[in-house]
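Structural description and commentary
Below, each chain spelled out in residue letters.
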Amino acid sequence: NVVKHKNTSIQVLDLSYQHVGDGENFDINWLCSALAKNTTLRVLDLDNDSIDDGHLAHIAAALTENSSLEELMLNHNKITGEGVSLLAANFSKMKGLKKISMYSNQFG
């Protein structure tokens, strides 16, 4: 509940190596719900989490409601060109986001 509740101190959250998906404990839907409401988080690290285009759609939707997040790290995931296109189509609605890092994914 760290991200969801009014928190005035957490600005960087490292959730790398959590591996979303069936049988895993990382709940991407909960994270996105919390991210949409959060006002203090500036950097979110989701490297090596097995995030695919479907997960990225939820993240992108949450980011259109979040104006505080400035940097999103999505390196070493399962994002394809479709996911990159989805982010690009929604980028103008992501008011605070300044940097997205996505190297070593599955787009070419």
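See the structure shown above.
Below, the structure is looked at part by part. (Residues numbered from 1 in each chain as written. Predicted model: local features only at pLDDT ≥ 70, side-chain atom pairs only at ≥ 80, totals over all residues. Heavy atoms only, no water.)

Below, the discussion takes up the nonpolar core. Among soluble globular proteins, nonpolar side chains are generally buried collectively. Formed by 26 residues in total, the largest nonpolar core has its most connected members in L44, L46, I59, L63, L72 and L74. Of all the secondary-structure elements, those providing two or more residues to this core are α1 (28-37) and α2 (53-63). Setting aside anything within four residues of it in sequence, one finds I59 in contact with I28, C32, L46, I51, L72 and L74. (Core = buried A, V, L, I, M, F, W, Y, C linked by side-chain atoms within 4.5 Å. Buried < 20%, exposed > 50% of the residue type's maximum accessible area, 1.4 Å probe, protein only. Helix = DSSP H or I, 4+ residues; strand = E, 2+ residues; numbered from the N terminus. Contact = heavy atoms within 4.5 Å.)

With that settled, the discussion passes to the side chain of N105. Mapping N105 onto the fold places it in the segment after β4 (99-101). Classification of N105 by relative accessible area gives buried; the value is 15%. Within the structure, N105 has its side chain in polar contact with the backbone oxygen of L74 (distance 3.0 Å). Only 3.5 Å separates the side chain of N105 from the backbone oxygen of Y103, close enough to count as a polar contact. Setting aside residues up to four positions removed in sequence, N105 forms contacts with L74, N75, H76, N77, K78 and I79. (Polar contact = N/O pair within 3.5 Å; in protein donor to acceptor, adjacent residues only side chain to side chain.)

The next thing to look at is unusual backbone geometry. Notably, Y17 is not glycine yet its phi reads approximately 65 degrees, a positive angle. Position of Y17 among the secondary structure elements: in the loop between β1 (12-14) and α1. Positioned with a positive phi, H76 is a non-glycine residue whose angle comes to about 55 degrees. Topologically, H76 is positioned in the loop between β3 (71-73) and α3 (81-90).

Our focus in this paragraph is the pattern of salt bridges. Summed over the entire model, instances satisfying the criterion amount to 1 salt bridge. Ionic pairing is found between E71 and K99, a salt bridge with its closest N-O pair at 3.7 Å. Here the residue E71 occupies a position in strand β3, and K99 occupies one in strand β4, the gap between them amounting to 28 residues. The class for E71 is partly exposed, based on a relative accessible area of 21%. Residue classification places K99 among the partly exposed positions, given a relative accessible area of 47%. (Salt bridge = Lys/Arg side-chain N within 4 Å of Asp/Glu carboxyl O.)

The next point concerns the packing of α1 against α2. It is at 8 Å that the axes of α1 and α2 come closest, and there the two elements cross at 15 degrees. Classified by the angle their axes make, α1 and α2 are roughly parallel. Like other packed secondary-structure pairs, α1 and α2 cross with a definite hand, here right-handed. Here I28, N29, C32, L35 and A36 of α1 lie close against α2, whose contacting residues are H55, H58, I59, A62 and L63. Here the contact of α1 with α2 is built from residues that sort into 7 nonpolar, 3 polar and no charged. (Axes fitted to C-alpha atoms, helices over the stretch in contact; angles between N-to-C directions. Parallel < 35°, antiparallel > 145°, perpendicular 65-115°, else oblique. Left-handed = near helix turned anticlockwise from the far one by under 90°. Nonpolar A, V, L, I, M, F, W, Y, C, P; charged D, E, K, R; others polar.)

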